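Spelled out, the chains give:
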Amino acid sequence: MFLTILAAALVAVAAAGLWLWRQLRSTRRALSGVRAAARLTDGLHERDMQACRARLQAALDEHAVLETADRVLDAALTRHTTTDPNKKKEGGSP
């Protein structure tokens, strides 16, 4: 009788141990998957941020070029325009 109870207890402990081992293994696999997904997401986020920074820098560079061209054009137009209303305009009547 004692041996039967002892055997049943050992079987129960072994079954519980096997169930816990499977749960632990399943949890480790899930955690490994979550970690891999986090690494992938971080990598994609970094790539997207670099692309965004590059587009922003290109837009800022283009804006700076246009501002410089605008200043050069304004300076050239200022030199070639007259404020004298009595001066005859080219190609037109006075």
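The text that follows walks through the structure, step by step, so that each part is easy to find. (Residues numbered from 1 in each chain as written. Predicted model: local features only at pLDDT ≥ 70, side-chain atom pairs only at ≥ 80, totals over all residues. Heavy atoms only, no water.)

### Re the overall build of the chain
Our working rule: Each helix is a run of DSSP H or I of at least 4 residues and each strand a run of E of at least 2, with the numbering of both proceeding from the N terminus. When accessible area is computed with a 1.4 Å probe and restricted to protein chains, residues below 20% of their type maximum are described as buried, those above 50% as exposed, and intermediate ones as partly exposed. Here the open area of atoms and residues is found with the Shrake-Rupley method and a 1.4 Å probe, where only the protein chains shown may cover a residue.
A tally of regular secondary structure across the chain gives one helix and zero strands. Counting over 94 residues, the chain shows a buried share of 0%. As displayed, the chain has an accessible area near 8,900 Å², and 64% of this comes from carbon and sulfur atoms.

### Structural notes on a nonpolar patch on the surface
Keep this limit in mind: Like charges are joined within 9 Å and nonpolar side chains (Val, Leu, Ile, Met, Phe, Trp, Tyr) within 5 Å, but only among residues with over 30% relative accessible area and no salt bridge; these make up the patches. The rule for a salt bridge is simple: a side-chain nitrogen of Lys or Arg has to be within 4 Å of a carboxyl oxygen of Asp or Glu.
A contiguous nonpolar patch, built from Phe 2, Leu 3, Leu 6 and Leu 10 and spanning about 470 Å² of accessible area, is present on the exposed surface. Summarising the element assignment, Leu 10 is placed in helix H1 (residues 2–80).

### Focus on the pattern of salt bridges
Pairs may arise between side chains of opposite charge once their charged atoms sit close together. Going through the model one piece at a time under the given rule, you end up with two salt bridges. One salt bridge connects Arg 53 with Glu 46, and the closest N-O pair in it is separated by 3.9 Å. Judged by relative accessible area, which is 47%, Arg 53 ranks as partly exposed. Where Asp 48 meets Arg 47, a salt bridge forms, and the shortest distance between an N and an O atom there is 3.2 Å.

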